[in-house]
Amino acid sequence: QVQLVESGGGLVQAGGSLRLSCVASGRTFSRYGMAWFRQAPGKEREAVASISWTGGSTYYLDSVKGRFTISRDNAKNTVYLQMNSVKFEDTAVYYCAADRTLYNDYLIRSDAGINYWGQGTQVTVSS
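Residues numbered from 1 in each chain as written. Predicted model: local features only at pLDDT ≥ 70, side-chain atom pairs only at ≥ 80, totals over all residues. Heavy atoms only, no water.

A.B. asks: Go over the state of the cysteines with me, naming the residues and quoting the values.
C.D. replies: As enumerated under the stated definition, the model contains 1 disulfide in all. The partner cysteine of C22 in its disulfide is C96, sulfur to sulfur 2.1 Å. One disulfide, between C22 and C96, carries an S-S torsion of -80° and so falls in the left-handed class. Highlighted residues: C22 in strand β3 (residues 18-25) and C96 in strand β9 (residues 92-100), separated in sequence by 74 residues. In this pair, the class of C22 matches that of C96, namely buried. (Disulfide = S-S within 2.5 Å. Helix = DSSP H or I, 4+ residues; strand = E, 2+ residues; numbered from the N terminus. Buried < 20%, exposed > 50% of the residue type's maximum accessible area, 1.4 Å probe, protein only.)

A.B. asks: Which residues make up the pattern of salt bridges, and what values do they have?
C.D. replies: By the definition in use, this model includes 5 salt bridges. The partner of D111 in a salt bridge is R45, with the nearest N and O atoms 3.3 Å apart. Residue D111 is located in the loop between β9 and β10 (116-117), and its partner R45 is located in the loop between β4 (32-39) and β5 (46-51); the two are separated by 66 residues in the primary sequence. On the basis of relative accessibility, which here comes to 31%, the residue R45 falls in the partly exposed class. We note a salt bridge from D90 to R67, for which the minimum N-O separation is 2.8 Å. Taken as a pair, D90 in the loop between β8 (78-83) and β9 and R67 in the loop between β6 (58-60) and β7 (68-73) lie far apart in primary sequence, 23 residues in all. (Salt bridge = Lys/Arg side-chain N within 4 Å of Asp/Glu carboxyl O.)

A.B. asks: Would you mind going over the sheet that holds β3 in detail, with residue names and values included?
C.D. replies: The 4 strands are arranged β1-β3-β8-β7 in an open sheet whose pairing can be described as antiparallel. The open sheet has two free edges, formed respectively by β1 (3-7) and β7, since each of these has just one partner strand. With strand direction ignored, the average angle separating the axes of adjacent strands in the sheet is 15°. Note: β7 against β8, 6 bridges, orientation antiparallel. Residue pairing in the sheet places I70 in a bridge with L81 of β8. (Pairing = 2+ DSSP bridges. Axes fitted to C-alpha atoms, helices over the stretch in contact; angles between N-to-C directions.)

A.B. asks: Give a detailed account of the nonpolar core, specifying residues and quantitative values.
C.D. replies: L4, M34, W36, V79, L81, M83 and Y94 are the most contacted members of the largest nonpolar core, which has 40 residues in total. If you list the elements that add at least two residues to this core, you get β3, β4, β5, β6, β7, β8, β9 and β11 (121-126). The element best represented in this core is β9, accounting for 6 residues. Excluding anything up to four places from it in sequence, M83 contacts G16, S17, L18, L20, R67, F68, Y94 and V123. (Core = buried A, V, L, I, M, F, W, Y, C linked by side-chain atoms within 4.5 Å. Contact = heavy atoms within 4.5 Å.)

A.B. asks: Before we move on, can you summarise the packing of aromatic side chains with the specific residues and values?
C.D. replies: The full count for this structure, using the stated rule, is 2 aromatic pairs. Ring centres of Y32 and Y116 lie 6.1 Å apart, and the angle between their planes is 70°; on these two criteria the pair is classed as edge-to-face. Linking Y32 in strand β4 with Y116 in strand β10, this pair joins segments that are 84 residues apart in sequence. Neither Y32 nor Y116 differs from the other in exposure class; each is buried. Relative to W117, the ring of F37 has its centre 4.9 Å away and its plane inclined at 65°; by these criteria the two rings are edge-to-face. Linking F37 in strand β4 with W117 in strand β10, this pair joins segments that are 80 residues apart in sequence. With a relative accessible area of 1%, F37 lands in the buried category. (Phe/Tyr/Trp six-rings, centres within 6.5 Å; stacked < 30°, edge-to-face > 60°.)

Function-wise, these values are silent; they only describe arrangement.
What follows is the structure, given as structure tokens:
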């Protein structure tokens, strides 16, 4: 079992920055691809960014490319999402997700089959 705890959400003005953190516990952090998802009211959950367990590969939703950066520190069992130049449409509950893999370059791109989720952290962007 893996437990995921997110932090760092809050209220931010449009154009500002925010950094989300997700700390994993319970099992070794390595060999887990990690991702950030978000869900806005009335919308489906979507993958915002993901990172391979080695940190060598990343994926970004088109609408956040160039603004968000995902990173991980395996020594601290932590994955981060740096959010810059935030927009009103980034408002959502952000969830951390983990998926064990045998492949170095595996990237989470959908929520299908993901077993481990954090509780979510609210990000609200004011216009």
